[in-house]
Number of protein chains: 2
Amino acid sequence: MSTMQEVAKKAGVSKATVSRVLSGKGYVSEATKDQVYKAIEEAGYRPNLLARNLATNKSQCIGLVVTNTLYNGSYFSGLLSQAAQKLEDNGRQLILVDGKHSAEEEQAAIQFLLDLRCDAIIIYPRFLTIDVMDDIIEQYKQPIMVVNRRLRKHQSHCICCDHKGASFNATKYLIEQGHRDIAFITGSLDSPTAIERLSGYKEALNQYGITPQDSLILKGKWTPASGAAAIELLLSNQTTFSAVLASNDDMAIGAIKTLSQTGIAVPDSVSVIGFDNIPTAPYLHPALSSVKDPVSDMMNEVIDRLISMLDGGYLSKDNLFTSNLLIRESVSKGPFWGK
Amino acid sequence: MSTMQEVAKKAGVSKATVSRVLSGKGYVSEATKDQVYKAIEEAGYRPNLLARNLATNKSQCIGLVVTNTLYNGSYFSGLLSQAAQKLEDNGRQLILVDGKHSAEEEQAAIQFLLDLRCDAIIIYPRFLTIDVMDDIIEQYKQPIMVVNRRLRKHQSHCICCDHKGASFNATKYLIEQGHRDIAFITGSLDSPTAIERLSGYKEALNQYGITPQDSLILKGKWTPASGAAAIELLLSNQTTFSAVLASNDDMAIGAIKTLSQTGIAVPDSVSVIGFDNIPTAPYLHPALSSVKDPVSDMMNEVIDRLISMLDGGYLSKDNLFTSNLLIRESVSKGPFWGK
DNA sequence: TTGTAAGCGTTATCAA
DNA sequence: TTGATAACGCTTACAA
């Protein structure tokens, strides 16, 4: 692969001039410009991004850390391409790094991106605690944004949404439909999102004078299989229920599958609602209703802020994000299908 | 961020020694090692990967080019995380770049990875023609592998599978079940995979003395919506059919949705088979049967070859891949569900 | 076992 | 309008 030096030689100019032509900065006569372009063409020259990044101390890359349990599924894929597109429109590249299955690995992923000298980092955390993230943000000068967690110290560096409220509303909706025995399938309980959704459910029940029943609260793991297992448990215990609220669509799908196989009509005998509203949701099962999760909105917001910060020059971190936590209220119920 | 120089100073040694400690190459006494480690700790030092990559002319990164229409969906996501994991187990990172919606953009994606000095590149092409790819492979010294296309010149640089045969077998299966009016929903016809699947269908019909009917061949676009539209067209034309073979699961799902809404029982009145066997397939619809697509096997194979090449040292490109095209015969039919 | 110094391919600051 | 030349932070002969 030819270097800038070779191009310079071919064009009969210096490296510096070639660099100027390429960057468009500084004055270069039209004549030499032409020569340089011709030389570039001839040499099949391509700039070495590593060298450029090293020299400029910029990479034009934004890192994203996500655990693969999240991006390995229909939930995250749309988000990903949307984020990548948005960044590219701004002349940047998205680098995705797997946060894997532990806080340590999530941290390692962040470190890797830092080591790569990414211009900024977006974290969609799964295991990392708020305190650790607050520390990390303090430690590095690269802007780091956290999605879907409420940080304590650096509130301007995070964006999250009201999972509890969304869950509350979904439960309320079911109650208003006349349901009183509403089963709830939780997500993995080491996830704040799962906790918030559970508490929204409980709060709604309480508010309507219904005592939450332990027997109606099933521990799931976000997977269709765990949703199916939850329903099986319910049935084998002969617990009465007329509605199911699952903490995500995947579990709702698993739940519906088991119900259908057992000959229980959805939604005629049992109503099922999930969360996240994954893109294929409308096709997944005619009886699945879902509460939208605004991750894609959040991601857009994060990228906007990041870009305006990076492009905006030397804004101080603390002043940049004047708006507070972005809370979105987002319960959009899909229709019950198939009647 | 502190540099190696600073660490060296702190430890009272030279940069070179620090480098040796870090890389584990060359002799360093235990005593100085300890000092260096202490200094690293104290300084909170982290190596600058850009600088290292520039110096070594290696990035430990493997690039993957995929069009977002592919990775934005349940089809590719599993594959992605699997590939990333496999590479990481080998101390490498996967960089995913969007091939977008045209041959030019796919080429640009490849260029970007080349410019980043990725150690190797994997292309899952959508628009790029075989000839262009053959040219590119010739042009660069980085190993470039192509998945799901049969190259002309550099057969050792590609891995593909027998879509036609799989489609043939699926059609044959339906015929053997007694179906004669089998509708076929194609994928986008600018895709070789779509063409191959269509020709497998036709060939099977011909072999069993059934003349392919134009009215039974519907043009789809890989999306659930286009699958649904295809069935609507069929119904509005009052074309007779007792089975549907859709060129991928997404379209099959769309097809099933329309059939169900119209009150046509699947699979009692109409059998539906899709392709690709996406992970959620078993949960998508009880009546969906699917033919497995071996992409994940192919991807594994590609990575294995790439790694063995990169690690193996100075093997010449031409001699490395002694095995020929990897053709996998892979028709694993799921059971018809729900009876 | 360690240090010196020459790269790696750019950018960017000065002079000219 | 251009050319030297010093960074950028690391690796790696080659010497010592």
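Residues numbered from 1 in each chain as written. Chains lettered and ligands numbered in written order. Predicted model: local features only at pLDDT ≥ 70, side-chain atom pairs only at ≥ 80, totals over all residues. Heavy atoms only, no water.

1. Observations concerning the overall build of chain A
So, point 1. Helix and strand content of chain A: 15 helices and 10 strands.
So, point 2. Long-range pairs, those at least 24 residues apart, make up 68% of the contacts in chain A with a sequence separation of at least 6.
So, point 3. Looking at chain A as shown, the accessible area adds up to about 14,700 Å², and 49% of this sits on carbon and sulfur atoms. (Helix = DSSP H or I, 4+ residues; strand = E, 2+ residues; numbered from the N terminus. Contact = heavy atoms within 4.5 Å. Areas by Shrake-Rupley, 256 points an atom, 1.4 Å probe, with all protein chains shown as cover.)

2. A word on helix α4 (residues 49–56) of chain B
So, point 1. Along α4(B), the residues classified as buried are Leu49(B), Leu50(B) and Asn53(B). Looking straight down α4(B), one finds its buried side chains confined to an arc of 100°; they lie on one side.
So, point 2. Against the buried residues of α4(B) lie α4 (49–56) and α7 (103–115) of chain A.
So, point 3. Two or three places before Leu50(B), at the opening of α4(B), Asn48(B) has a side-chain oxygen 2.8 Å from that residue's backbone nitrogen.
So, point 4. One or two positions beyond α4(B), positive phi appears at Asn57(B), with a value near 60°. (Buried < 20%, exposed > 50% of the residue type's maximum accessible area, 1.4 Å probe, protein only. Arc of directions from axis to C-beta. Polar contact = N/O pair within 3.5 Å; in protein donor to acceptor, adjacent residues only side chain to side chain.)

3. Structural notes on the protein's contact with DNA strand D
So, point 1. Contacts to DNA strand D come from 26 residues, most closely from Thr17(A), Arg20(A), Met4(B), Lys15(B) and Tyr45(B).
So, point 2. For DNA strand D, the fraction of protein-proximal atoms (within 4 Å) that sit in sugar or phosphate groups is 62%.
So, point 3. A distance of 2.9 Å is found between a phosphate oxygen of DNA strand D and a backbone nitrogen or oxygen belonging to Ser14(A).
So, point 4. Interatomic distance of 3.1 Å between a backbone N/O atom of Asn48(B) and a phosphate oxygen of DNA strand D.
So, point 5. Going through the elements one at a time, α2 (15–23) and α4 of chain A together with α2 (15–23) and α4 of chain B are the ones with two or more residues in the surface near DNA strand D.
So, point 6. Among the residues making up the surface near DNA strand D, the classes are represented as 12 nonpolar, nine polar and five charged. (Near = heavy atom within 4 Å. Nonpolar A, V, L, I, M, F, W, Y, C, P; charged D, E, K, R; others polar.)

4. Some details on the packing of helix α11 (residues 224–236) of chain B against helix α12 (residues 249–261) of chain B
Residues and elements named next belong to chain B.
So, point 1. The interhelical angle for the contact between α11 and α12, taken along N-to-C directions, is 45°, at an axis separation of 6 Å. By the angle between their directions, the pair α11 and α12 is classed as oblique. Considering the relative orientation of α11 and α12, their crossing is right-handed. Contacts from Pro-224, Ser-226, Gly-227, Ala-228, Ile-231, Glu-232 and Leu-235 in α11 reach Asp-250, Met-251, Gly-254, Ala-255, Thr-258 and Leu-259 in α12. (Axes fitted to C-alpha atoms, helices over the stretch in contact; angles between N-to-C directions. Parallel < 35°, antiparallel > 145°, perpendicular 65-115°, else oblique. Left-handed = near helix turned anticlockwise from the far one by under 90°.)

5. As for the domain arrangement of chain A
So, point 1. Domain annotation for chain A reports domain 1 (4–47), domain 2 (61–161) and domain 3 (163–293).
So, point 2. The C-alpha-based centres of domain 1 of chain A and domain 2 of chain A are spaced at 38 Å. (Domains from an automatic or database assignment.)

6. Side note on the UniProt feature "domain: HTH lacI-type" (unreviewed entry) in chain A
So, point 1. As recorded in UniProt, the sites labelled "domain: HTH lacI-type" (unreviewed entry) are residues 2–56 of chain A.
So, point 2. End-to-end, the C-alpha atoms of residues 2–56 of chain A are 20 Å apart, and along that stretch the chain is 71% helix and 0% strand. (UniProt positions renumbered as here; feature names shortened; annotations may be inferred.)

7. Notes on the sheet that holds strand β1 (residues 61–66) of chain A
All names here are of chain A.
So, point 1. Reading across the sheet, the five strands line up as β2-β1-β3-β4-β5 and stay open at both edges, with parallel pairing between neighbours. Edge positions in the open sheet fall to β2 (93–98) and β5 (158–159), since each of these has one partner strand only.
So, point 2. Of the strand pairs in this sheet, β1 and strand β3 (residues 120–124) are connected by five bridges, and their pairing is parallel. Of the residues in β3, the one forming a bridge with Ile-62 is Ala-120. (Pairing = 2+ DSSP bridges.)

8. Description of the pairing of β3(A)
All names here are of chain A.
So, point 1. Counting buried positions over the five residues of β3 gives five, a clear majority of the element.
So, point 2. Judged by which residues are buried, β3 turns out to be covered on both faces: Ala-120, Ile-122 and Tyr-124 on one side and Ile-121 and Ile-123 on the other are all buried.
So, point 3. Two strands pair when backbone bridges link them, and β3 and strand β4 (residues 144–147) are joined in this way by three bridges, in the parallel orientation. Counted as the bridge partner of Ile-123 is Val-146 from β4.
So, point 4. For the segment spanning β3, helix α8 (residues 130–139) and β4, crossover handedness is right-handed. (Right-handed = clockwise from strand over helix to strand, strands pointing away.)

9. Considerations on the relation of the copies chain B and chain A
So, point 1. It takes a turn of 180° to lay chain B on chain A, together with a shift of 0.1 Å along the axis; the resulting RMSD is 0.1 Å. Taken together, the rotation and translation relating the two chain copies correspond to the operation of a two-fold axis.
So, point 2. Same-surface contact between copies: 100% of interface residues of chain B are shared with the interface of chain A. (Least-squares fit on C-alpha atoms with pLDDT ≥ 70 in both.)

10. Remarks on the UniProt feature "domain: HTH cro/C1-type" (unreviewed entry) in chain A
So, point 1. Listed under "domain: HTH cro/C1-type" (unreviewed entry) in the UniProt record, and renumbered for this structure, are residues 3–32 of chain A.
So, point 2. Secondary structure within residues 3–32 of chain A divides into 67% helix and 0% strand; the distance between the first and last C-alpha atoms comes to 18 Å.

11. Notes on the interface of chain B and chain A
So, point 1. With 44 residues of chain B at the interface, the matching set in chain A holds 44 residues.
So, point 2. Buried surface at the junction of chain B and chain A, summed over both partners, amounts to about 4,400 Å²; 64% is from carbon and sulfur atoms.
So, point 3. On the surface where chain B and chain A come into contact, there are four salt bridges.
So, point 4. Between Lys100(A) and Glu88(B) there is a salt bridge, with the nearest N and O atoms lying 2.8 Å from each other.
So, point 5. For the side of chain B that touches chain A, the secondary-structure elements that each account for two or more residues are α4, α5 (68–71), α6 (74–89), β2 (93–98), α7 (103–115), α11, α12 and α13 (281–284) of chain B.
So, point 6. Tallied by class, the residues present in the side of chain B that touches chain A amount to 23 nonpolar, 14 polar and seven charged. (Buried area = accessible area lost by both parts, 1.4 Å probe. Salt bridge = Lys/Arg side-chain N within 4 Å of Asp/Glu carboxyl O.)

12. Some points on the pattern of salt bridges
Residues and elements named next belong to chain B.
So, point 1. Applying the stated criterion across every chain yields a total of 24 salt bridges over all chains.
So, point 2. Of the charged contacts, one joins Glu-138 and Lys-153 as a salt bridge, the two residues approaching to 3.7 Å between their closest N and O atoms. Here Glu-138 is found in helix α8 (residues 130–139), whereas its partner Lys-153 is found in the loop between β4 (144–147) and β5 (158–159), with 15 residues between them in sequence.
So, point 3. We classify Lys-153 as exposed; its relative accessible area is 52%.

13. Side note on the pairing of strand β10 (residues 288–292) of chain B
Residue and element names in this part refer to chain B.
So, point 1. Most of β10 sits inside the fold, with four of its five residues counted as buried.
So, point 2. Where strand β9 (residues 271–276) lies against β10, five bridges are found, and the strand directions are parallel. Within β10, the residue paired with Gly-274 across the bridge is Ser-290.

14. Some details on the protein's contact with DNA strand C
So, point 1. In the vicinity of DNA strand C there are 26 residues, among which Ser19(A), Arg52(A), Thr17(B), Arg20(B) and Thr32(B) approach most closely.
So, point 2. Take the atoms of DNA strand C that sit within 4 Å of the protein: sugar and phosphate atoms are 60% of them.
So, point 3. Measuring from a phosphate oxygen of DNA strand C, one finds a backbone N or O atom of Asn48(A) at 3.1 Å.
So, point 4. A distance of 2.7 Å separates a phosphate oxygen of DNA strand C from a polar side-chain atom of Thr17(B).
So, point 5. Listing elements by their share of the surface near DNA strand C, those giving two or more residues are α2 and α4 of chain A together with α2 and α4 of chain B.

15. Overview of empty space enclosed by the protein
So, point 1. Counted under the stated rule, the structure contains five cavities of 30 Å³ or more.
So, point 2. By volume, the largest cavity amounts to about 120 Å³.
So, point 3. Lining of the largest cavity is provided by 13 residues; of these, Leu50(A), Leu116(A), Leu50(B), Ile95(B) and Leu116(B) occupy positions nearest its centre.
So, point 4. Of all the secondary structure elements, the ones that give two or more residues to the lining of the largest cavity are α4 of chain A together with α4 of chain B.
So, point 5. Here the lining of the largest cavity is built from residues that sort into nine nonpolar, four polar and no charged. (1 Å grid on protein atoms, 1.4 Å probe; cavity = no way out; pocket = protein on both sides within 12 Å on 5 of 7 lines; lining within 4 Å. Points joined across faces, edges and corners; volume = space filled by probe spheres on them.)

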